[in-house]
Protein chains: 2
Amino acid sequence: MAASALWGSRPKTRGVVLDLIRAARTISRVELAASAGLTPPTISEVVRDLMSDGLVVEAGRGASTGGKPPTLLQLNALARYSVGIQLERNTCVIVVVDLAGRQVARTSFRGTAQMSPEKALPFLAAQVNAILDTAAVGRDRVLGVGLVSYGPQDRHAGLLLTPQPTDAWYEYPVAPRLAEILRMPVLLDNDAAAAAIGEYWLGTVDPHSTYGCIYMATGIGGGVVVAGEVYRGSSSNSVEIGHISLDVDGGECPCGNRGCLENYAGPSAVVRQALEMPGLADHLALDPTGTDFLTEFARIAAAANAGNLQARHLIERSARYLGCAAVTITSLFDLDLIVLAGPSFAVAGSIYQTLIQQEVDRRTFARRAHPVRVVPSVSGSDAAAIGGAVLVLQSELVLGRARVAAGKALSLVLPVVEATEAT
Amino acid sequence: MAASALWGSRPKTRGVVLDLIRAARTISRVELAASAGLTPPTISEVVRDLMSDGLVVEAGRGASTGGKPPTLLQLNALARYSVGIQLERNTCVIVVVDLAGRQVARTSFRGTAQMSPEKALPFLAAQVNAILDTAAVGRDRVLGVGLVSYGPQDRHAGLLLTPQPTDAWYEYPVAPRLAEILRMPVLLDNDAAAAAIGEYWLGTVDPHSTYGCIYMATGIGGGVVVAGEVYRGSSSNSVEIGHISLDVDGGECPCGNRGCLENYAGPSAVVRQALEMPGLADHLALDPTGTDFLTEFARIAAAANAGNLQARHLIERSARYLGCAAVTITSLFDLDLIVLAGPSFAVAGSIYQTLIQQEVDRRTFARRAHPVRVVPSVSGSDAAAIGGAVLVLQSELVLGRARVAAGKALSLVLPVVEATEAT
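Residues numbered from 1 in each chain as written. Chains lettered and ligands numbered in written order. Predicted model: local features only at pLDDT ≥ 70, side-chain atom pairs only at ≥ 80, totals over all residues. Heavy atoms only, no water.

Per an unreviewed UniProt entry, chain A carries the name Sugar kinase and comes from Paractinoplanes toevensis. Listed under Sequence similarities (unreviewed entry) in UniProt, the entry text for chain A is "Belongs to the ROK (NagC/XylR) family." (UniProt positions renumbered as here; feature names shortened; annotations may be inferred.)

Next comes the structure, spelled out in structure tokens:
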């Protein structure tokens with residue numbers, strides 16, 4: 001790879017042009033100039049730069065519109081890669097994606113459990129290095145790592161503002177520390193926001209849509225995307241749908257609120273409800289200690305799918321609560337689409353989809369203005385990890401925030417702290 | 001006034017420059033160039049145009065920074081006006097504001113009640129003409145009318161998508177019809193969104209803030225502003241906070257949802273609760289037919305302020321429900337400020353402010369990331385009407401959507417239908 005900077009003197013224009021090429025799959029220079037609102041000489045210059053950096057390649061000729069058929073351009077998807085890590089206490093997924101957002105490698109394991117960040121982060125880094133080796137992706141072609149987890153977070157400082165899973169994680173600088181170990185740029189973001197933007201990048205939603213994502217893994221999170229950008233709010237701690245109250249007089253939640261959605265509809269709530277049904281708990285051999293409740297939840301969801309009435313009752317109840325929350329975010333954000341993503345929708349996704357769609361159709365305030373569709377994520381359980389990788393691509397390619405020189409990533413969203421000790 | 005178009009060949013640049021002058025109150029050309037990121041010759045040209053149209057005037061000299069003290073510019077606030085109308089079944093407020101958003105005239109009366117739009121709109125138009133005459137504001141200086149009411153709406157077509165207050169209003173083209181009668185541009189928008197943007201325009205919130213507004217009149221609405229622009233969603237039917245569920249098993253609401261905030265915390269709910277307390281109902285001589293429930297609600301709020309324990313209990317309960325909903329919108333939109341606006345906060349505003357602030361402090365998900373303040377609107381009961389007028393100013397001045405020639409407004413958001421019958 002040439003030692004030239006990825007971004008020259010026109011980072012914004014380059015980003016716009018590159019994103020148009022990505023979204024179009026193949027496009028001529030004339031079409032690009034029209035779409036970008038730039039002059040043909042400017043487009044030619046930007047495209048020459050992108051080609052000399054290996055990001056864009058020519059891909060045959062398009063249909064003639066009278067004269068010589070135009071040369072088509074396309075993204076050189078294998079020119080750069082990014083890594084996405086979805087991390088929480090019960091699940092961890094790592095993916096490597098190419099410039100087009102396509103997954104080229106994946107690994108997953110149980111989450112951090114009670115592990116401290118001092119132990120968990122070097123382990124994560126080793127996994128990232130291993131998957132890059134396996135996929136034969138050179139580190140000089142990796143733009144960075146998108147680490148996504150639950151909120152609240154301080155996204156700019158790259159730290160978690162929650163004592164989950166243990167107190168040691170509270171305000172621990174997870175992103176700077178992982179960047180230091182990996183010697184790569186690392187950004188931290190919300191898992192549900194990542195899952196939401198991943199759908200956009202993968203081209204499965206209308207680019208002008210205002211849509212939401214409900215992400216259910218251990219907890220329940222949300223993300224909203226407006227015309228291709230994540231809705232952020234004041235501090236990027238938005239759309240915390242798992243902690244909106246469905247009962248003003250409901251039980252206290254560790255988050256501080258009462259009657260939170262998560263405590264009625266989340267996997268741990270469903271497992272708790274199942275353990276109170278002796279017939280069902282025995283039938284499914286549920287573990288009353290509930291340490292591995294995502295597995296137990298999957299067992300209940302599978303039983304519901306298979307027609308077990310007790311299990312179905314529980315999953316439907318969870319879906320109705322989620323439906324109520326879906327109505328709330330739809331009426332507040334005026335969404336036209338809701339995407340269901342994350343591992344806890346994996347098994348009984350169609351029950352959830354059907355019932356949430358019903359609630360939204362019946363109860364959303366603006367249903368006379370436009371319909372609202374409820375669909376499963378194209379990335380299913382991996383949506384957040386893929387979204388984490390996509391956030392890196394978007395940050396680099398569209399927003400043009402970083403400069404990457406040969407073999408060394410200089411900055412992403414976070415300043416990379418040079419390691420002071422050999423690791 | 002000169003017959004030149006308000007907007008020349010640089011509507012966007014003119015809008016940006018005009019908004020900077022408005023926000024700064026006084027500013028030099030050098031400061032303007034720096035703030036707008038434009039070259040001094042471009043700024044000089046745009047300012048010359050704005051001055052020749054009478055929108056900007058020179059206002060003395062600023063402090064010297066070494067050389068000759070710079071000439072300061074300011075908005076010629078009296079060069080143009082706009083009209084705001086807040087309309088619903090129980091209240092109607094009409095205001096005339098100048099370019100700076102300052103109120104120069106106001107009138108108010110009971111709302112439409114059961115009146116049909118065919119009767120109500122000519123009456124409204126007569127009121128608008130009367131207030132302009134009284135304030136001696138020539139129609140050639142009026143940019144247009146911002147009519148604001150409850151949702152859902154089709155903002156682009158200028159019609160209401162609700163059978164409130166009567167079926168005749170459902171899909172009735174209120175904005176085009178009022179434009180036709182008044183022979184002025186009329187935009188339709190949501191009352192709570194209008195109240196929210198009014199705060200920004202009047203300079204009472206940090207321009208970079210993400211803040212929300214809870215607007216309580218007959219019903220309860222909401223608006224969110226992100227960096228000076230109303231959050232719209234798919235169809236501008238966003239932030240319908242009055243119809244989010246606080247109890248998934250609660251009673252059916254005419255909106256289609258269950259357990260809606262409005263039915264627990266809104267004025268009609270409080271009056272209904274008061275009528276069930278014989279001591280209080282007798283003491284305050286409440287009318288059990290409840291036709292004028294905003295007046296009855298104000299009486300209960302006044303009694304609460306005066307220390308009546310039963311009344312205080314009811315207002316505090318309403319405030320707790322609103323607090324719960326405020327936590328929901330704060331956790332979803334990640335707000336740093338909530339503004340309380342509208343006539344139903346007028347009497348017992350401090351009880352509401354205190355209790356909503358308490359709930360937000362205790363329960364908001366991202367409270368560790370940043371504080372969230374709860375404040376009363378600077379425009380109180382008139383917030384929505386002033387906001388309606390401000391939406392016209394913003395549409396015209398910042399977004400530069402319209403061209404206004406001498407004595408005749410050609411277009412705003414809506415095409416103005418020429419009247420075919422004499423009115």
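A.B. asks: An account of the side chain of Thr13 of chain B is needed here, citing residue identities and associated values.
C.D. replies: Residue and element names in this part refer to chain B. Structurally, the position occupied by Thr13 is in helix H1 (residues 11-24). Relative accessible area serves as the criterion here: at 19%, Thr13 is assigned to the buried category. Excluding residues that lie within four positions of it along the chain, Thr13 makes contacts with Leu38 and Val46. (Helix = DSSP H or I, 4+ residues; strand = E, 2+ residues; numbered from the N terminus. Buried < 20%, exposed > 50% of the residue type's maximum accessible area, 1.4 Å probe, protein only. Contact = heavy atoms within 4.5 Å.)

A.B. asks: Provide a residue-level description of the relation of the copies chain A and chain B, including the pertinent values.
C.D. replies: Least-squares fitting of chain A to chain B yields an RMSD of 0.1 Å, with the transformation described by 0.1 Å of translation along the axis and a rotation of 180°. Those values place the two copies in the arrangement expected of a two-fold rotation axis. The fraction of interface residues of chain A whose copies in chain B are also interface residues reaches 100%, indicating that both copies meet through the same surface. (Least-squares fit on C-alpha atoms with pLDDT ≥ 70 in both.)

A.B. asks: A description of the interface of chain A and chain B should follow, citing residues and the corresponding values.
C.D. replies: Contact with chain A, which involves 49 residues of that partner, is made by 49 residues of chain B. In terms of surface lost to chain B, no three residues of chain A exceed Leu332, Arg363 and Phe365 of chain A, which account for 20% of the buried area on that side. Put simply, chain A and chain B have 2 salt bridges between them. A salt bridge links Glu252 of chain A to Arg363 of chain B, with the shortest nitrogen-to-oxygen separation between them at 3.9 Å. Joining chain A to chain B, the criterion identifies 27 residue pairs in polar contact (both at pLDDT 80 or more). (Buried area = accessible area lost by both parts, 1.4 Å probe. Salt bridge = Lys/Arg side-chain N within 4 Å of Asp/Glu carboxyl O. Polar contact = N/O pair within 3.5 Å; in protein donor to acceptor, adjacent residues only side chain to side chain.)

A.B. asks: Describe unusual backbone geometry, naming the residues involved and giving the relevant values.
C.D. replies: The residue after Gly151 of chain B, namely Pro152 of chain B, is reached through a cis peptide bond having omega -5°. One can find Pro152 of chain B in the loop between strand E7 (142-149) and strand E8 (153-154). For the bond running from Gln164 of chain B to Pro165 of chain B, omega is -10°, close enough to zero to count as cis. Along the chain, the position of Pro165 of chain B falls in the loop between strand E9 (159-160) and helix H5 (174-182). Unusually for a residue other than glycine, Ala136 of chain A sits at a positive phi of about 55°. Mapped onto the secondary structure, Ala136 of chain A falls in the loop between helix H4 (117-134) and strand E7 (142-149). Accessibility expressed as a relative area gives 59% for Ala136 of chain A, which makes it exposed. Look at Arg25 of chain B: it is not a glycine, yet its phi comes out positive at around 70°. Within the secondary structure, Arg25 of chain B is located in the loop between H1 and strand E1 (27-28).

A.B. asks: Explain the nonpolar core to me, and be specific about the residues and the numbers.
C.D. replies: Core analysis: the biggest nonpolar cluster contains 106 residues, and Phe333 and Tyr352 of chain A together with Phe333 and Tyr352 of chain B have the highest contact counts within it. Those residues in contact with Phe333 of chain B, other than ones at most four positions away along the chain, are Tyr231, Gly233, Ser234, Ser238, Leu332 and Phe333 of chain A together with Thr210, Val224, Tyr231 and Val239 of chain B. (Core = buried A, V, L, I, M, F, W, Y, C linked by side-chain atoms within 4.5 Å.)

A.B. asks: Tell me about the domain arrangement of chain A, and please be specific about residues and values.
C.D. replies: In terms of domains, chain A is made up of domain 1 (11-75), domain 2 (81-195 + 383-409) and domain 3 (207-377). Here the C-alpha centre of domain 3 of chain A lies 42 Å away from the C-alpha centre of domain 1 of chain A. (Domains from an automatic or database assignment.)

A.B. asks: Provide a residue-level description of the pairing of strand E4 (residues 81-87) of chain B, including the pertinent values.
C.D. replies: Residue and element names in this part refer to chain B. Of all 7 residues in E4, 7 are buried; the element is thus mostly enclosed. Side chains of E4 alternate between two faces, with Tyr81, Val83, Ile85 and Leu87 and Ser82, Gly84 and Gln86 buried alike. Two strands pair when backbone bridges link them, and E4 and strand E5 (residues 91-98) are joined in this way by 7 bridges, in the antiparallel orientation. Bridge pairing in E5 places Leu87 opposite Cys92. (Pairing = 2+ DSSP bridges.)

A.B. asks: Account for the pattern of salt bridges, naming residues and giving values.
C.D. replies: Taken as a whole and assessed by the stated rule, the structure comprises 30 salt bridges over all chains. Asp98 of chain B is paired through a salt bridge with Arg102 of chain B; the nearest N and O atoms lie 2.9 Å apart. Via salt bridges that share partners, Glu252 and Arg258 of chain A together with Arg320, Glu359, Arg362 and Arg363 of chain B belong to a single interconnected network.

A.B. asks: With reference to specific residues and values, describe the sheet that holds strand E15 (residues 373-376) of chain A.
C.D. replies: All names here are of chain A. Spatial ordering of the open sheet is given by E13-E12-E11-E14-E15, a layout of 5 strands whose pairing is mixed. The two strands at the open ends of the sheet, each matched to only one other strand, are strand E13 (229-230) and E15. Relative to strand E12 (residues 220-226), strand E11 (residues 210-216) runs antiparallel, the two sharing 7 bridges. Across the sheet, the residue bridging to Gly212 is Val224, located in E12. Contacts from helix H6 (residues 191-201) reach E11, E12, E13 and strand E14 (337-341), with the element oriented near 130° to E11. Helix-sheet contacts for helix H11 (residues 309-333) involve E11, E12 and E14, and the interaxial angle to E11 is about 150°. (Axes fitted to C-alpha atoms, helices over the stretch in contact; angles between N-to-C directions.)

A.B. asks: Give a detailed account of the sheet that holds strand E5 (residues 91-98) of chain A, specifying residues and quantitative values.
C.D. replies: All names here are of chain A. An order of E6-E5-E4-E7-E10 is seen for the 5 strands of this open sheet, with the pairing classed as mixed. Taken across any chain shown, the strands that pair with only one partner, and hence form the sheet edges, are strand E6 (103-110) and strand E10 (186-190). Taking each pair of neighbouring strands and ignoring which way they run, the sheet shows an average axis angle of 15°. Relative to E10, E7 is paired through 5 bridges, and the arrangement is parallel. Paired with Gly146 across the bridge in E10 is Leu187. Running over the sheet, helix H5 (residues 174-182) touches strand E4 (81-87), E7 and E10 and is turned about 150° from E10.

A.B. asks: Residues and numbers for the pairing of strand E15 (residues 373-376) of chain B, please.
C.D. replies: All names here are of chain B. With 4 bridges joining them, strand E14 (residues 337-341) and E15 adopt parallel strand pairing. The residue of E15 that forms the bridge with Ile338 is Val374. In this view, the connection linking E14 to its parallel neighbour E15 by way of helix H12 (residues 349-363) has right-handed handedness. (Right-handed = clockwise from strand over helix to strand, strands pointing away.)

A.B. asks: Break down the packing of aromatic side chains for me, citing the residues and quoting the values.
C.D. replies: Counted under the stated rule, the structure contains 12 aromatic pairs over all chains. An angle of 85° between the planes, with centres 5.6 Å apart, marks the rings of Phe333 of chain A and Tyr231 of chain B as edge-to-face. A residue pair is termed interchain when its members come from two chains, as with Phe333 of chain A in helix H11 and Tyr231 of chain B in the loop between strand E13 (229-230) and helix H7 (262-265). Taken individually, Phe333 of chain A and Tyr231 of chain B each receive the classification buried, so the pair is uniform in this respect. Joined through ring pairs, the aromatic side chains of Tyr231 and Phe333 of chain A together with Tyr231 and Phe333 of chain B make up one cluster. One cation-aromatic arrangement involves Arg22 of chain A over Trp201 of chain A; the distance from NZ or CZ to the ring centre is 3.8 Å. (Phe/Tyr/Trp six-rings, centres within 6.5 Å; stacked < 30°, edge-to-face > 60°. Lys NZ or Arg CZ within 6 Å of the ring centre and 35° of its normal.)

A.B. asks: I'd like a description of the environment of Gly54 of chain B, backed by residues and values.
C.D. replies: Residue and element names in this part refer to chain B. Looking at the secondary structure, you find Gly54 in the loop between helix H3 (40-52) and strand E2 (56-61). Linking Gly54 and Ala77, residues 23 residues apart in sequence, is a C-alpha distance of 9.7 Å. Beyond its immediate chain neighbours, meaning those up to four positions away, Gly54 contacts Asn76 and Ala79.

A.B. asks: Could you give an account of the confidence of the model for chain A, naming the residues involved and the relevant values?
C.D. replies: Residues and elements named next belong to chain A. Residue-level pLDDT values for chain A average 88, and 91% of them are 70 or greater. No element of chain A has a lower mean pLDDT than strand E17 (residues 408-409), at 32, and none a higher one than H11, at 98. In this model residues 1-9 is a low-confidence stretch, pLDDT under 50, and it forms 27 contacts with partners more than four residues away in sequence or in other chains. Taken as a whole, residues 401-423 scores under 50 in pLDDT and shows 55 contacts with residues more than four places along the chain or in a different chain. (pLDDT = per-residue confidence, 0-100.)

A.B. asks: Lay out the environment of Val148 of chain B with the relevant residues and their values.
C.D. replies: Residue and element names in this part refer to chain B. Structurally, Val148 is set in strand E7. A sequence separation of 243 residues divides Val148 from Leu391, and the C-alpha atoms of the two residues are 9.7 Å apart. Ignoring sequence-local partners within four residues, the contact set of Val148 consists of Ile85, Gln86, Leu87, Asp189, Asn190, Asp191, Ala194, Ala384, Gly388 and Leu391.

A.B. asks: Tell me about H4 of chain A, and name the residues and values.
C.D. replies: Owing to its 3.6 residues per turn, the α-helix brings residues three or four apart onto one side. Residue and element names in this part refer to chain A. Taking 1.5 Å of rise per residue, the 18 residues of H4 would be expected to cover 26 Å, and the 25 Å separating its terminal C-alpha atoms lies within 8% of that figure. Those residues of H4 that fall on the buried side of the exposure criterion are Pro117, Ala120, Leu121, Leu124, Ala125, Val128, Ile131 and Leu132. Seen along its axis, H4 keeps its buried residues to an arc of 135°; they face one direction. Opposite the buried face of H4, by more than 90 degrees, sit the exposed residues Lys119, Asp133 and Thr134. Phi turns positive one or two residues past the end of H4, at Ala136, with a value near 55°. (Expected span 1.5 Å × (residues − 1). Arc of directions from axis to C-beta.)

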